[in-house]
Amino acid sequence: MAFFSESKWVWKNGKIVPWEQATVHMSAHGLHYGTGVFEGIRCYNTADGPAVFRLDAHLGRMFGSARMYGLPIAYSLEELTQGAKDVINANGFSDCYVRPIATYGSASLGVHPRNCPVEVAMLAWPWGAYLGADALENGIQVTVSRWKKFSSLAMPATAKACGQYLNSMLAVQDAVRCGFDEALLVDEEGIIAEGSGENFFMVQNGTVLTNDERDHVLMGITRDSVITLARDLGYKVFVGQMHLEELEVADEAFFTGTAAEVTPISAVDRKPIGNGKPGPVTLELQRSFFAATSGRDPKHQDWLTWVNASKQAKETVES
Ligand code: PPE
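Keep in mind that what you see is a predicted model, and the values were worked out from it rather than measured.

S.K.: Looking at this structure, I do not really get the pairing of strand 4 (residues 41-46). What am I missing?
M.R.: Where a strand is regular, its side chains alternate between the two sheet faces. Burial analysis of strand 4 places five of its six residues in the buried class, the great majority of the element. Of the strand pairs in this sheet, strand 4 and strand 6 (residues 96-104) are connected by three bridges, and their pairing is antiparallel. By the bridge assignment, arginine 42 is partnered in strand 6 with tyrosine 97. With four bridges joining them, strand 4 and strand 5 (residues 49-53) adopt antiparallel strand pairing. Following the sheet pairing, tyrosine 44 is matched in strand 5 by alanine 51.

S.K.: Would you mind showing me how to read the site of the ligand here?
M.R.: Close contacts around the ligand come from 22 residues, with Tyr97, Tyr130, Tyr165, Thr222 and Thr258 the closest. One of the side-chain N or O atoms of tyrosine 130 is found 2.4 Å from an oxygen atom in the ligand. Within the contact set of the ligand, a nitrogen atom lies 2.6 Å away from a side-chain nitrogen or oxygen of glutamate 194. Considering the ligand on its own, with 550 Å² of exposed area, one finds that the protein chains cover 93% of that surface. Those elements giving two or more residues to the shell around the ligand turn out to be helix 2 (55-68), strand 6, helix 6 (221-232) and strand 14 (252-257). Grouping the constituent residues of the shell around the ligand by class yields seven nonpolar, 10 polar and five charged.

S.K.: Looking at this model, I keep getting lost on the layout of surface pockets. Mind explaining?
M.R.: Gaps between atoms show up when a probe of the same size as a water molecule is rolled over them. Of the voids in this model, the second largest pocket is the one considered here, and its volume is about 200 Å³. For the lining of the second largest pocket, the per-class residue count stands at 10 nonpolar, six polar and no charged. Two domains share the lining of the second largest pocket, each providing at least three of its residues, namely domain 1 (2-125) and domain 2 (135-298).

S.K.: It is not clear to me how the packing of aromatic side chains should be interpreted in this structure. Could you clarify?
M.R.: For any pair of aromatic rings, the description rests on two quantities: the centre-to-centre distance and the angle between the ring planes. In total, this model carries 16 aromatic pairs according to the counting rule given. With a centroid separation of 5.0 Å and an interplanar angle of 75°, the aromatic rings of phenylalanine 3 and phenylalanine 4 are classed as edge-to-face. Judged by its relative accessible area of 43%, phenylalanine 3 is partly exposed. You can call phenylalanine 4 partly exposed: its relative accessible area is 35%. Connected via pairs of aromatic rings, a cluster forms that spans Phe3, Phe4, Trp19, Tyr97, Trp125, Trp127 and Tyr130. The aromatic ring of phenylalanine 150 is capped on one face by lysine 149, whose charged end is 4.5 Å from the ring centroid. In this arrangement the basic side chain of arginine 270 is found over the ring face of phenylalanine 180, its NZ or CZ atom lying 4.4 Å from the centre.

Rules used throughout
Residues numbered from 1 in each chain as written. Predicted model: local features only at pLDDT ≥ 70, side-chain atom pairs only at ≥ 80, totals over all residues. Heavy atoms only, no water. Buried < 20%, exposed > 50% of the residue type's maximum accessible area, 1.4 Å probe, protein only. Helix = DSSP H or I, 4+ residues; strand = E, 2+ residues; numbered from the N terminus. Pairing = 2+ DSSP bridges. Near = heavy atom within 4 Å. Polar contact = N/O pair within 3.5 Å; in protein donor to acceptor, adjacent residues only side chain to side chain. Areas by Shrake-Rupley, 256 points an atom, 1.4 Å probe, with all protein chains shown as cover. Nonpolar A, V, L, I, M, F, W, Y, C, P; charged D, E, K, R; others polar. 1 Å grid on protein atoms, 1.4 Å probe; cavity = no way out; pocket = protein on both sides within 12 Å on 5 of 7 lines; lining within 4 Å. Points joined across faces, edges and corners; volume = space filled by probe spheres on them. Domains from an automatic or database assignment. Phe/Tyr/Trp six-rings, centres within 6.5 Å; stacked < 30°, edge-to-face > 60°. Lys NZ or Arg CZ within 6 Å of the ring centre and 35° of its normal.

Rendered as structure tokens:
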């Protein structure tokens, strides 16, 4: 089945329009220069109906990315929250991926986007496991990319902006061509940054390790959720620089991301991590993550925005 075939409706500039009408012109500034910001969000089915995972955090990051690039978004957090619910409901989805984007449209093509309108849209479509059905269970094969992660001195790595993904695209395309599932990018000093679309974690002697914005990474919302869950479970979490030589001796490694969720890494450049099987800490964190996304974790109900009113109303009455 074609990737988008089940998606019939798009939220575009405040209205729900048919998929075919959610278009931009070939002269759009965003197309030529990658001038836009976006988010990747998942909605999961729960016992109380579909719920969007950490919607406020994602939309908050989108407004932050837009501020970084001076791109004005003419809609409020509340309007985009409603827009996300509307596009999910219009399509009749329960488990789906939601992709808001704000990008400069067509008016001029100097590099300065002057006069270009900001087009805002939210797409939704069903999207299964990002790295393949078996990735979550058995782990993936990763390569350290020869394409270096760009420095935050060149572009703000903490912003999720369209053009920044050319760096990721080169890395993942190269990795797949060489028979790997995903690329791990390091900076020019060889310090670990992140995957093409994921944050990176290691486990060493029961301690969970990951990096932060000092190493030119997107501050992932899944990353933040997993750090919280790891601490809930009593693990020590160390946030700091990670070097490739530490990865050589790591017991476990995994990627986190909205699309990738919690994906174990079984080998890097064909060298197995640990025994080459997803490790126990990774699997425990993956289970906790899915408990939270599916509404089974009473401690993290506030991470969920229910698409339909009934559950939210119930929460308000109870509190
Ligand atoms: N780093 C990068 C470069 C990245 O693109 C993502 C998300 C993350 C880290 C993890 O962030 P978060 O989703 O907030 O936990 N990548 C999005 C796009 C992937 C895609 O292929 O498209 C995503 O996972 O939705």
